[in-house]
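# Observations on the three-dimensional arrangement
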Amino acid sequence: MQNESVVLRVENVVKHLGGQRILDEVSLTVKKGRLKVLIGPSGAGKSTLLQCINFLLPPDEGKVFLDGREINPKSRKDLLWLRQRVGMIFQDFNLFDHLTAMENVRVALIKVKKMDKRTATHRAMEELARVGLADKAGLYPAQLSGGQKQRVSVARALAMDPAVMLLDEPTSALDPELIGEVLAVIRDLADAGMTMIMATHQIGFSSSLADEFLFMEKGRIIERGAPSELLARGSCSRTMAFCAKLSELSGEMGG
Ligand SMILES: Nc1ncnc2c1ncn2[C@@H]1O[C@H](COP(=O)(O)OP(=O)(O)OP(=O)(O)O)[C@@H](O)[C@H]1O
Ligand SMILES: [Mg+2]
């Protein structure tokens, strides 16, 4: 079935950093329109895994396939092809401070996609409208709230028509009252059928959207399954234990 097709496949990825084995044979498969959620303690390797998937950090071993094509890390053409199709959302937004919101969304359309300025501007405005920021297009990052900056960053990724989006704790740098507006955008993306992998501590939120939780510890995925199974009452899962600890810390489940 078309909508069951595999978009991204990661096979036995190994990564060493600072002499330590940070990723230890990690494998996963994401089908079209699905959301996989990476959870686990700090230092587990979640960010490292996301960065290995788009070769911001080249894996030492293992393979990455996008839309069935194996990426050759030595091929600049492959890396460019991959990065045009993988949208990345970072915790700290990674916007250009000297460009307005609209220009931040537009820049890769002009430079990478070689769109003419008019078309690129039109597209950038469409994507800003999609995340509810049409009226902020002319503002610089310093003039935006954290939640607005993160929505600009989502609009920038969307403008590239990604096959998959990787989100690395997209709400963890935000004040609590701003988290909801970014989660609402992520929910809209999931509802619209975007394929995504997201590292997050927003367990409550993501349990309703994710088809699978991947629990990482010490560079390995040690537990995986449907949120409803892993979080079922009476479940002895590591995921459940981790969530209990999180909710103890935050005073509420998921948040
Ligand atoms: N450049 C580096 N050199 C050495 N060690 C590194 C480097 N980058 C990351 N690490 C180590 O790799 C491990 C995994 O880090 P990573 O950032 O992937 O964890 P994480 O699961 O994303 O954690 P968090 O929840 O805190 O974001 C950590 O122990 C970290 O110290
Ligand atoms: Mg991280």
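Just so we're clear, the structure is a prediction, and the values are computed from it rather than from any experiment.

## Here we look at the side chain of Gln84
Position of Gln84 among the secondary structure elements: in helix α2 (residues 76–85). For Gln84, a relative accessible area of 19% corresponds to the buried category. For Gln84, the contacting residues outside a window of four places in its chain are Val112, Lys113 and Met160.

## Quick word on the packing of helix α5 (residues 146–159) against helix α6 (residues 176–191)
Contact pair α5 / α6: the axes reach a minimum separation of 8 Å and the direction vectors enclose 20°. By the angle between their directions, the pair α5 and α6 is classed as roughly parallel. The two elements α5 and α6 meet at a crossing, and its hand is right-handed. Between α5 and α6, the residues in contact are Gly146, Gly147, Gln148, Gln150, Arg151, Val154 and Leu158 and Leu178, Glu181, Val182, Val185 and Leu189, respectively.

## Some words on the side chain of Ser153
On the secondary structure map, Ser153 appears in helix α5. Residues within four places of Ser153 in sequence aside, it is in contact with Ile89, Phe93 and Leu95.

## Here's the deal with the packing of aromatic side chains
In the structure shown here, the tally under the stated rule is one aromatic pair. On the numbers, 5.4 Å between centres and 85° between planes, the contact of Phe215 with Phe242 is edge-to-face. Here the residue Phe215 occupies a position in strand β9 (residues 212–217), and Phe242 occupies one in helix α9 (residues 238–250), the gap between them amounting to 27 residues. In this structure, Arg9 is placed above the aromatic ring of Phe65, and the distance from its NZ or CZ to the ring centre is 4.3 Å. Across the ring face of Trp81, the terminal group of Arg69 is positioned such that the distance to the ring centre comes to 4.1 Å.

## Some words on the sheet that holds strand β5 (residues 69–70)
Taking strand neighbours across the sheet as the criterion, the four strands line up as β2-β1-β4-β5 in an open arrangement whose pairing is antiparallel. At either end of the open sheet lies a strand with only one pairing partner, and these are β2 (20–31) and β5. As paired strands, strand β1 (residues 6–17) and β2 are joined by eight bridges and run antiparallel to one another. By the bridge assignment, Val6 is partnered in β2 with Lys31.

## What about the sheet that holds strand β7 (residues 164–168)?
Taken in spatial order, the six strands line up as β6-β7-β8-β3-β9-β10 in an open sheet, and their pairing is mixed. Pairing within the sheet leaves two strands with one partner each, and these edge strands are β6 (86–89) and β10 (220–225). The average angle at which neighbouring strand axes cross in this sheet is 20°, direction not considered. Sheet analysis places strand β3 (residues 35–39) next to strand β8 (residues 196–199), joined by four bridges and oriented parallel. Of the residues in β8, the one forming a bridge with Leu38 is Ala199. Running at roughly 150° to β8, α6 makes contact with β7 and β8 of the sheet. In the packing of α9 onto the sheet, contacts are made with β3, β9 and β10, and the angle to β9 comes to roughly 80°.

## A few points about the environment of Asn54
Relative to the helices and strands, Asn54 is located in the loop between α1 (46–53) and β4 (61–66). By relative accessible area, which is 5% here, Asn54 ends up buried. The spacing of Asn54 and Lys113 is 59 residues in sequence and 18 Å in space, taken between C-alpha atoms. Beyond its immediate sequence surroundings of up to four residues, Asn54 is in contact with Leu82, Arg83, Val86, Met88 and Leu166.

Rules behind the numbers
- Residues numbered from 1 in each chain as written.
- Chains lettered and ligands numbered in written order.
- Predicted model: local features only at pLDDT ≥ 70, side-chain atom pairs only at ≥ 80, totals over all residues.
- Heavy atoms only, no water.
- Helix = DSSP H or I, 4+ residues; strand = E, 2+ residues; numbered from the N terminus.
- Buried < 20%, exposed > 50% of the residue type's maximum accessible area, 1.4 Å probe, protein only.
- Contact = heavy atoms within 4.5 Å.
- Axes fitted to C-alpha atoms, helices over the stretch in contact; angles between N-to-C directions.
- Parallel < 35°, antiparallel > 145°, perpendicular 65-115°, else oblique.
- Left-handed = near helix turned anticlockwise from the far one by under 90°.
- Phe/Tyr/Trp six-rings, centres within 6.5 Å; stacked < 30°, edge-to-face > 60°.
- Lys NZ or Arg CZ within 6 Å of the ring centre and 35° of its normal.
- Pairing = 2+ DSSP bridges.

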